[in-house]
Amino acid sequence: MAEKFLFTSEPARDGNPYMTVAVSGETFRLNSNYRPLAEADTWAAGQQLAETGAIVLLFGVGNGYFLRALLKRLPQDAAVIAYEPSEELFRFVQSRYELGDLLSDRRLTLLTESIFRKQIYALLDRSIHWSNAKKQSVCIHPQYDRIFPEQLAFFEELIRANNIRVYTNRNTEMHFGRSIASNVALNMRYVPEAGTLSALVGRFPTGASAILVAAGPSLDKNVDELKKAEGRAFIIAVDTSLRTLHAHGVKPDAAVMIDADIRQKYFTDTDFADIPLFAQIQANHEIMRLHTTRKIWFDSHAYLKQYYHEIGRDMRDYHGGASVATAAFSVCAALGFRRIILIGQDLSYHGDVTHAGGETMTIQAEEENLCYVDGTDGGKVKTRHDWLQYLRWYERVVQETAGEIDVIDATEGGALIRGTRLMTLSEAIEKYCTVPVDFAALLRENLRTLSGEERKSLAKYLHRGILEAEKIRKLSQELCVLLDRESIALERTDARRADQYCSERSAWLRGRIAERNALIADCSVYPLVDDAIKQVSIPAITEMLETEGTEKERCRVLISANRRLYRAMAEAAGELGEKLHYAM
């Protein structure tokens with residue numbers, strides 16, 4: 001039963017109204033009953049906020065006093081995401097307080113409870129990046145921690161999980177960026193014979209079910225049941241599950257691969273070569289070479305998307321989370337399936353085992369990131385931070401698609417994915433796998449390769465990429481020469497006029513860099529080059545953003561960080577030009 005709230009608004013000693021909330025026999029005063037506006041200003045002055053580009057995550061709007069005081073402190077480039085956990089309280093405030101100035105402030109995004117869980121994930125995804133994550137401030141409206149403790153716990157867990165996502169993505173970009181760029185360039189050779197997921201959307205029979213096979217430890221217990229579903233459902237398997245499926249005589253309708261550096265061992269002793277493959281073009285080119293049948297691109301790299309755009313082919317985005325299993329789920333959802341059955345989706349340990357076949361795969365800093373979550377059996381199961389990220393992704397998507405997609409968890413073990421229906425695989429197959437699916441026929445009828453003219457245009461596109469890579473290499477080398485010259489001049493500067501010189505010179509130098517960057521970024525091949533240098537560019541940009549001190553110290557970092565960045569860019573552009581030539 002929902003708690004009953006009683007709200008009051010009374011004049012304070014200074015004449016401004018203040019507000020109280022009564023719930024569960026306790027009354028909470030949201031503002032001072034003496035000087036509520038002055039109190040709000042004092043509170044806002046005590047918040048730790050970034051001087052530029054601040055991102056404020058505010059829990060509780062109340063009657064708007066504290067939010068208004070916060071906005072008064074913030075510059076115009078700030079952003080405030082405010083979450084009001086009580087629709088009832090917000091309606092009361094709207095009826096008695098003036099909020100027009102707040103609601104019209106372009107810096108503010110206000111989410112009430114009815115829309116918060118549907119919009120906050122995408123909003124955080126758009127708003128917070130590794131480059132500005134340290135400019136976040138979490139502020140809590142006075143008394144809201146006592147009135148809404150459960151909602152606050154969810155809010156704080158959401159922020160923590162999002163920060164893990166942000167820094168995980170940053171680390172992934174740094175670690176895999178060079179491989180991603182190389183894979184895209186080399187895999188462009190497969191584009192003529194490949195298709196896109198868009199061509200298959202809505203082509204499956206109405207009422208058909210998809211079975212998504214992940215590679216968690218529980219797959220070992222029910223993998224043989226999959227034989228009953230062959231031809232009665234669309235069976236789509238993640239790459240790391242293929243060995244287990246092959247060992248049990250199960251051949252899926254399709255496989256999914258996204259990882260830039262996935263190891264070849266997962267594809268030995270499998271049917272991988274002749275299983276249709278949903279893939280991102282940035283997947284491991286060595287493994288792609290082993291695959292000899294139909295490739296279907298989805299959520300692919302900007303370089304491939306640009307080509308498809310130029311020839312008028314649809315290449316929509318399919319946001320697949322951070323794992324191959326979540327990507328497979330997104331593929332099923334995009335294809336139009338209204339029922340998706342999960343198996344092998346443990347997202348937890350079974351003893352020390354992490355994957356089917358008794359395999360244990362470790363990750364960096366694994367022991368530092370262990371925790372326990374609810375299991376499907378009612379107890380607790382051990383998980384780690386990457387699985388927890390995938391778990392929260394599933395829960396968010398299941399909630400967002402409630403009423404549209406029925407998600408059945410037939411893993412028969414592992415972590416509880418809230419919002420799914422628990423069922424054994426045998427029961428799910430018997431009840432829901434009743435509509436025949438012939439995926440091979442669907443591919444023959446709907447997936448088209450490039451026409452003769454499109455193949456010619458691809459060759460021109462790749463040739464243009466080679467020329468652009470050379471252009472980027474030369475522009476980067478020119479910047480390196482300029483930065484070397486500036487470095488020498490900086491060290492020769494008289495200490496007495498160093499600050500003035502550095503201030504003026506830094507502004508001039510940023511202008512020259514911006515001019516060259518505009519020319520570089522205008523190249524269609526630039527996204528490849530940008531990925532290839534992530535291991536250098538991310539630390540360099542971070543250093544420039546975070547360096548404090550004298551003008552000379554900041555100028556020195558501006559020069560040295562950009563010098564590292566553009567040397568890496570010149571080298572990467574040269575290498576990518578050679579790889580694009582190979583793709584032709």
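Attention here is on the structure that accompanies the text. Here the structure is a predicted model, which is why all the values come from computation and not from measurement. (Residues numbered from 1 in each chain as written. Predicted model: local features only at pLDDT ≥ 70, side-chain atom pairs only at ≥ 80, totals over all residues. Heavy atoms only, no water.)

So, on to the overall build of the protein chain. Helix and strand counts for the protein chain stand at 20 helices and 18 strands. Its C-alpha atoms give the protein chain a radius of gyration of 28 Å, within 12% of the compact-globule value 25 Å for 584 residues. Along the longest, intermediate and shortest principal axes, the C-alpha atoms of the protein chain span 80 × 75 × 45 Å. Here the protein chain, with 584 residues, has 51% of them falling under the buried criterion. A separation threshold of at least 6 residues defines the contact pool for the protein chain, and within that pool the share at least 24 residues apart is 70%. Total accessible area on the protein chain is roughly 26,700 Å²; 48% of this is exposed by carbon and sulfur atoms. (Helix = DSSP H or I, 4+ residues; strand = E, 2+ residues; numbered from the N terminus. Rg over C-alpha atoms; globule rule 2.2 N^0.38 Å. Buried < 20%, exposed > 50% of the residue type's maximum accessible area, 1.4 Å probe, protein only. Contact = heavy atoms within 4.5 Å. Areas by Shrake-Rupley, 256 points an atom, 1.4 Å probe, with all protein chains shown as cover.)

Ordered in space as E6-E5-E4-E7, the four strands form an open sheet in which the pairing is parallel. Each edge of the open sheet carries a strand with a single partner, namely strand E6 (108-112) and strand E7 (136-140). Averaged over all neighbouring strand pairs, the angle between strand axes comes to 15°, with direction disregarded. In terms of strand pairing, strand E5 (residues 79-84) meets E6 through five bridges, oriented parallel. Bridge pairing links Glu84 to Thr112 in E6. Of the strands in this sheet, strand E4 (55-59), E5 and E6 are in contact with helix H5 (residues 113-127), which crosses E6 at around 145°. (Pairing = 2+ DSSP bridges. Axes fitted to C-alpha atoms, helices over the stretch in contact; angles between N-to-C directions.)

Moving on, we come to H5. With 15 residues, H5 extends 20 Å from end C-alpha to end C-alpha; this agrees with the ideal 21 Å at 1.5 Å per step. The principal kink in H5, of about 50°, is found at Gln119. Where H5 is concerned, the buried positions are Phe116, Ile120, Tyr121, Leu123 and Leu124. Next to the buried residues of H5 lie E4, E5, E6, helix H7 (149-187) and helix H13 (385-400). (Expected span 1.5 Å × (residues − 1). Bend = angle between axes of the 7 residues up to and from the residue.)

The next subject is the packing of aromatic side chains. One pass over the full model with this rule turns up 27 aromatic pairs. Clustering of aromatic rings is evident, with ring pairs tying together Phe5, Phe7, Phe59, Tyr83, Phe92, Phe116, Tyr144, Phe148, Phe154 and Phe155. The cationic tip of Arg117 hangs over the ring face of Phe154; the distance from NZ or CZ to the ring centre is 3.8 Å. When the ring centre of Trp387 is taken as reference, the NZ or CZ atom of Arg384 above it lies at 4.0 Å. (Phe/Tyr/Trp six-rings, centres within 6.5 Å; stacked < 30°, edge-to-face > 60°. Lys NZ or Arg CZ within 6 Å of the ring centre and 35° of its normal.)

The next thing to look at is the packing of H5 against H13. In contact at an axis separation of 10 Å, H5 and H13 are set at 130° when each is read in the N-to-C sense. The pairing of H5 with H13 is recorded here as oblique in orientation. Here H5 runs over H13; the crossing is left-handed. Residue-level inspection shows Arg117, Lys118 and Tyr121 of H5 in contact with H13, the latter providing Arg396, Gln399 and Glu400. Residues that form the contact of H5 with H13 fall into these classes: one nonpolar, one polar and four charged. (Parallel < 35°, antiparallel > 145°, perpendicular 65-115°, else oblique. Left-handed = near helix turned anticlockwise from the far one by under 90°. Nonpolar A, V, L, I, M, F, W, Y, C, P; charged D, E, K, R; others polar.)

Okay, the pattern of salt bridges next. Inspection of the entire model under this criterion finds 41 salt bridges. Measuring nitrogen to oxygen at the nearest pair gives 2.9 Å for the salt bridge that ties Glu359 to Lys265. One end of the pair, Glu359, is in the loop between strand E14 (339-343) and strand E15 (370-374); the other, Lys265, is in the loop between strand E11 (254-257) and strand E12 (277-279), and 94 residues separate them in sequence. According to the relative accessible area criterion, Lys265 is partly exposed, its value standing at 33%. Among the ionic contacts, a cluster of salt bridges with common partners joins Glu157, Arg160, Arg392 and Glu395. (Salt bridge = Lys/Arg side-chain N within 4 Å of Asp/Glu carboxyl O.)

To continue, consider the sheet that holds strand E2 (residues 17-23). Across the sheet, which stays open at both edges, the three strands sit in the order E1-E2-E3 with antiparallel pairing between neighbours. A strand with exactly one partner marks an edge of an open sheet, and here the two such strands are strand E1 (6-11) and strand E3 (26-29). Adjacent strand axes in the sheet meet at a mean angle of 25° when their direction is disregarded. Pairing of E1 with E2, which is carried by six bridges, proceeds in the antiparallel orientation. By the bridge assignment for E2, Phe7 is matched with Val21. Most of the contacts of helix H3 (residues 87-96) go to E1, to which it runs at about 30°, and overall it touches E1 and E2.

Turning next to the packing of H7 against H13. Across the interface, H7 lies against H13 with an axial gap of 10 Å and an inter-helix angle of 115°. Note that H7 runs across H13; the crossing there is left-handed. Two secondary-structure elements touch here, H7 through Glu157, Arg160, Ile164, Arg165 and Thr168 and H13 through His385, Leu388, Gln389 and Arg392.

So, on to the environment of Phe90. In this fold, Phe90 is placed in helix H3. Judged by relative accessible area, which is 9%, Phe90 ranks as buried. Each C-alpha atom, one on Phe90 and one on Ile488, is 60 Å from the other, the two residues being 398 residues apart in sequence. Among residues more than four places away in sequence, those in contact with Phe90 are Glu84, Leu99, Leu110 and Thr112.

This part takes up the side chain of Asp105. Examined against the element boundaries, Asp105 turns out to sit in the loop between helix H4 (100-103) and E6. Residue classification places Asp105 among the buried positions, given a relative accessible area of 16%.

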